[in-house]
Amino acid sequence: MKFFKKKKIKEEEEEENNFNDFPPIGGLMVSKMVVDKNIKPGFLYREKRTRPEDSGWRILTGFESPEYNDDPENIGIYNPSTILKIDPSLKDILLKGVGSVYEREKDDSEWYKVTDFELEDDYMTTHRLTEDWTIEINNLFERTIEEDGTLYYTTEDKSIRLIIWNSEKNKEDLYEEQKQNLENRDQTKSKTLDKFEFSDNKVSRIGYLIEENNERKTYFVLFGFSIIDKEVIQAVFYFDDKTDFDWALNTWKNIKLKE
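**Some remarks on empty space enclosed by the protein**
Empty space among the atoms becomes visible once a probe the size of a water molecule is rolled across them.
Then, in step 1: Per the stated rule, a full pass over the model turns up 1 cavity of 30 Å³ or more.
Then, in step 2: The volume enclosed by the largest cavity comes to roughly 60 Å³.
Then, in step 3: Together, K48, R49, S55, V98, L140, E142, T154, T155 and E156 line the largest cavity.
Then, in step 4: Across the lining of the largest cavity, the residue classes break down as 2 nonpolar, 3 polar and 4 charged.

Take a look at the structure:
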């Protein structure tokens, strides 16, 4: 009986190591040193995708010369499962968002986050939302409009949904309405972790933070309402890492009336 039990565990491990169930993030641009010469990756970064089937990930060993990288014949496009079979340590990192940069010193070293590597598209930009509103946001975010008209920004691990409501009510009444909704919201599905208010003479702002989960992960959600007479912008910020809370809060504050 022990023999069959061990064999079953081994088969399960082999099936898991195929990585065929890895999320479909898109293709990886990988140095052929990794695939052809079997050298483990030592440096990788995720830039803004160039096309829908591109994940944005660029994976290198760290031994490539500039001349080597300049030759397109030395770079291949591979499915995540192909590279994960070569180096399973990338499993969690490949789910990090656009703008992520990681490095390690040796094959058996821990990966660490790099903060001083400059990505070409990493800069702040201002987008016009309506005649009245703008948002200041990092250019690394990919912007799309969903079928229902919702404006969606994402880097994969951080996302924003923006919905604009029109009303006949004034700013004070709309604010009180959102305040009552917050006070009376159902706590059984997701408990309110914190409440926020950042109002000034022009815009009333009220919001709250919750935690949600799906089959893959637990993540945080910040609901932020920016209110003027007859109009409300609902901004919903999704982020995986609690350290990105300041990003969500500051981006909410950067939804402003056009000057």
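From this point, the discussion proceeds with the structure in view.
**Examining the sheet that holds strand β13 (residues 204-213)**
Then, in step 1: Strand order in the open sheet formed by 7 strands is β9-β10-β11-β15-β14-β13-β12, with antiparallel pairing between adjacent strands. Since the sheet does not close on itself, it has two edges, and those belong to β9 (142-145) and β12 (194-197), each with one partner. In this sheet, adjacent strand axes meet at a mean angle of 20° when their direction is disregarded.
Then, in step 2: Sheet topology note: the β12/β13 ladder contains 4 bridges and is antiparallel. Bridge assignment links D194 to a residue of β13, and that residue is L209.
Then, in step 3: Its contacts with the sheet place helix α5 (residues 171-184) against β11 (158-166), β12, β13, β14 (218-228) and β15 (231-239), and it is angled at close to 25° to β13.
Then, in step 4: Together, β11, β12, β13, β14 and β15 form the strand contacts of helix α6 (residues 245-253), whose direction differs from that of β15 by roughly 165°.

**Considerations on the packing of aromatic side chains**
Then, in step 1: Tallied over the entire structure, the rule returns 13 aromatic pairs.
Then, in step 2: A ring pair is formed by F196 and F198, whose centres lie 6.4 Å apart and whose planes are at 15°; its orientation type is stacked.
Then, in step 3: Taking the relative accessible area as the measure of exposure, F196 reaches 10% and is therefore buried.
Then, in step 4: We classify F198 as partly exposed; its relative accessible area is 26%.

**With respect to the nonpolar core**
Then, in step 1: Counting 25 residues, the largest nonpolar core has L129, Y153, L162, L222, F237, F239 and I255 as the members making the most contacts within it.
Then, in step 2: Here this core takes 5 residues from α6, the largest share from any one element.
Then, in step 3: Apart from residues lying up to four places away in sequence, F237 is in contact with S159, I160, F220, V221, L222, W247, A248, T251, W252 and I255.
Then, in step 4: Core analysis: the next-biggest nonpolar cluster, separate from the first, contains 17 residues, I25, L28, L44 and Y102 among them.

Reading the values: rules and limits
- Residues numbered from 1 in each chain as written.
- Predicted model: local features only at pLDDT ≥ 70, side-chain atom pairs only at ≥ 80, totals over all residues.
- Heavy atoms only, no water.
- 1 Å grid on protein atoms, 1.4 Å probe; cavity = no way out; pocket = protein on both sides within 12 Å on 5 of 7 lines; lining within 4 Å.
- Points joined across faces, edges and corners; volume = space filled by probe spheres on them.
- Nonpolar A, V, L, I, M, F, W, Y, C, P; charged D, E, K, R; others polar.
- Pairing = 2+ DSSP bridges.
- Helix = DSSP H or I, 4+ residues; strand = E, 2+ residues; numbered from the N terminus.
- Axes fitted to C-alpha atoms, helices over the stretch in contact; angles between N-to-C directions.
- Contact = heavy atoms within 4.5 Å.
- Phe/Tyr/Trp six-rings, centres within 6.5 Å; stacked < 30°, edge-to-face > 60°.
- Buried < 20%, exposed > 50% of the residue type's maximum accessible area, 1.4 Å probe, protein only.
- Core = buried A, V, L, I, M, F, W, Y, C linked by side-chain atoms within 4.5 Å.

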